Each structure stands twice: as structure tokens, then as C-alpha cells.
Amino acid sequence: MTQENNIEIMNKPETKELMGIFFRNFMKKEKAEKVRKYKMLNKYAKKGQILFVGSSLMEFFPINELQQTLEKQYIIYNRGIGGYVTTELLNSMEECIFELEPSKIFINIGTNDIGSNDIEYTKKKLLENYNEVLTQIGERLPKCKVYVMAYYPCNPKADFEGIDKGMKAMFFKTRNNASILEANAGVEELAKKHGYEFINVNEGLMDEDGNLKEEYAIDGIHMFANGYSVILNNIKKYL
């Protein structure tokens, strides 16, 4: 079979559909395994510490490596899960939040709602789900300080290795800086409603066009450690 034949087969709608089903099933299993792992880890965690929670944008935050640059060291648990949407976090609040009984929570959840190809995104539904997350935290952890983090900018324009035009179209169909800014405004109001602090963590991350700086971006969405170092600088006073 020639390379041309392979490309033709891969571009067939039925092939893409099967690949999509395989990927979704793989991700579902991966997420469930992480929840199970976190539940086990929580048995050994110290209560009353700092918690990072959310989607891959939090899971990939190398906070315990980066905080070595700070004068003071903290106990920080990361319970981010790649691919998570708000409904999935609502279904795993025990494992991802409550079992740890944190004193501070830094939360960033919802960018996959904005960028999902599997669910129809509306800001209204995102904010309804996020409101329920914050409501449950307020009821179960009334003394916990909660910091609602702004969604990070993306970069749909730059060229990244391994990301072709088709993948770009899928990644950035609804996840773009205009929708992120709109969602951030809604999430900021939601944080105020609950009496929580909203942190605009994006100072220093964007280029002159408002895109995530290319030197920080892995694929236009996720970041290298140098990008997270900028975010740490923006949140360190809250730790």
C-alpha cells in the first residue's frame, strides 16, 4: 500500500470517526485512572494545604519544581486532569478536592468546555456548571480561600511541529482568544458572587496581538515551564 493510499484512507470520514471514538474512549479511561490514583494519594496527603485543581492547564503546571525558586516553600497538591470539563470535575469533587480538605484552592476549569468538539459550548452552561462547583466548595469548605484563575490565552496563528491545518481547525474552532476573554469576564463575576478572588494570571503571557507568546506555547494551547513561571510570578503573593 502506497503512502498516497494511506493518506486517502486516513482522510475518509469513517476513518476519522473511528479514530475519534478510539481517542474518546482512551481519554475516558485515562481520566478514570487519574481519579483512582488521586483517591489513593489522598490517603497520604496532609490536610489543610494548598490545592491546584482543574484541567490539563493545571495538571501540567510544574508547581513543585517551580516553587523551588521561591523564598518560602509550600505543600501544594495538584489534582488537575487533562481533558476535564466542568461536568467531569463535578463528578469527582471528592477525589479532586474534598478529601484533601485544603485551606486554599487555585482553580482553572472550563477551557475544554470552550474548546470541546463533543459538546456544544455555551457560556451560559459553562457558568452554570462552574457556579455549582463553587457552590459545593463554599458549602463543604466554608473556611477555604478560593482563587479563581483566568483562562490562559491561546495561539491559533503560530506553526507548531506536528500540528497541521486540520488539527488547528479542530483545536481552535471555538477555543479562541475572543471566547476566552468573554468567558473570563463571566468567571470573574462568578467569583465575586461567591466572595472569592479572581486572579488575572495572564500578565506577561501575551504578545502584542493578544495571543499566547510563541516561546511559551507547546501546541498553541499548552505551555512549557517558562510560561508557567510567568503564571507563578502572578500568583505567588496568594500562596
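What you see is a predicted model, and the numbers here were worked out from it, not measured in a lab. (Residues numbered from 1 in each chain as written. Predicted model: local features only at pLDDT ≥ 70, side-chain atom pairs only at ≥ 80, totals over all residues. Heavy atoms only, no water.)

**Description of the overall build of the chain**
For step 1, the next point in the chain: Looking only at helices and strands, one finds 11 helices and five strands in the chain.
For step 2, the next point in the chain: Among the 239 residues that make up the chain, the fraction classed as buried is 49%.
For step 3, the next point in the chain: Partitioning the contacts of the chain with sequence separation of at least 6, the portion at a separation of at least 24 is 77%.
For step 4, the next point in the chain: When the accessible surface of the chain is totalled, it reaches about 13,100 Å², and 53% of it is carbon and sulfur. (Helix = DSSP H or I, 4+ residues; strand = E, 2+ residues; numbered from the N terminus. Buried < 20%, exposed > 50% of the residue type's maximum accessible area, 1.4 Å probe, protein only. Contact = heavy atoms within 4.5 Å. Areas by Shrake-Rupley, 256 points an atom, 1.4 Å probe, with all protein chains shown as cover.)

**Brief notes about empty space enclosed by the protein**
For step 1, the next point in the chain: Taken as a whole, this structure holds one cavity of 30 Å³ or more when the rule is applied.
For step 2, the next point in the chain: Every residue lining the largest cavity is listed: L57, T111, Y152, P153, C154, R175, I180 and I221.
For step 3, the next point in the chain: Across the lining of the largest cavity, the residue classes break down as six nonpolar, one polar and one charged. (1 Å grid on protein atoms, 1.4 Å probe; cavity = no way out; pocket = protein on both sides within 12 Å on 5 of 7 lines; lining within 4 Å. Points joined across faces, edges and corners; volume = space filled by probe spheres on them. Nonpolar A, V, L, I, M, F, W, Y, C, P; charged D, E, K, R; others polar.)

**Topic: the sheet that holds strand β1 (residues 50-54)**
For step 1, the next point in the chain: Taking strand neighbours across the sheet as the criterion, the five strands line up as β2-β1-β3-β4-β5 in an open arrangement whose pairing is parallel. Every other strand in the sheet has two partners, leaving β2 (76-78) and β5 (197-199) as the edge strands with one partner each. The sheet shows a mean angle of 20 degrees between the axes of neighbouring strands, direction not considered.
For step 2, the next point in the chain: With five bridges connecting them, β1 and strand β3 (residues 104-108) associate as parallel partners. By the bridge assignment for β3, G54 is matched with N108.
For step 3, the next point in the chain: Running over the sheet, helix α10 (residues 177-194) touches β4 (145-149) and β5 and is turned about 155 degrees from β5. (Pairing = 2+ DSSP bridges. Axes fitted to C-alpha atoms, helices over the stretch in contact; angles between N-to-C directions.)

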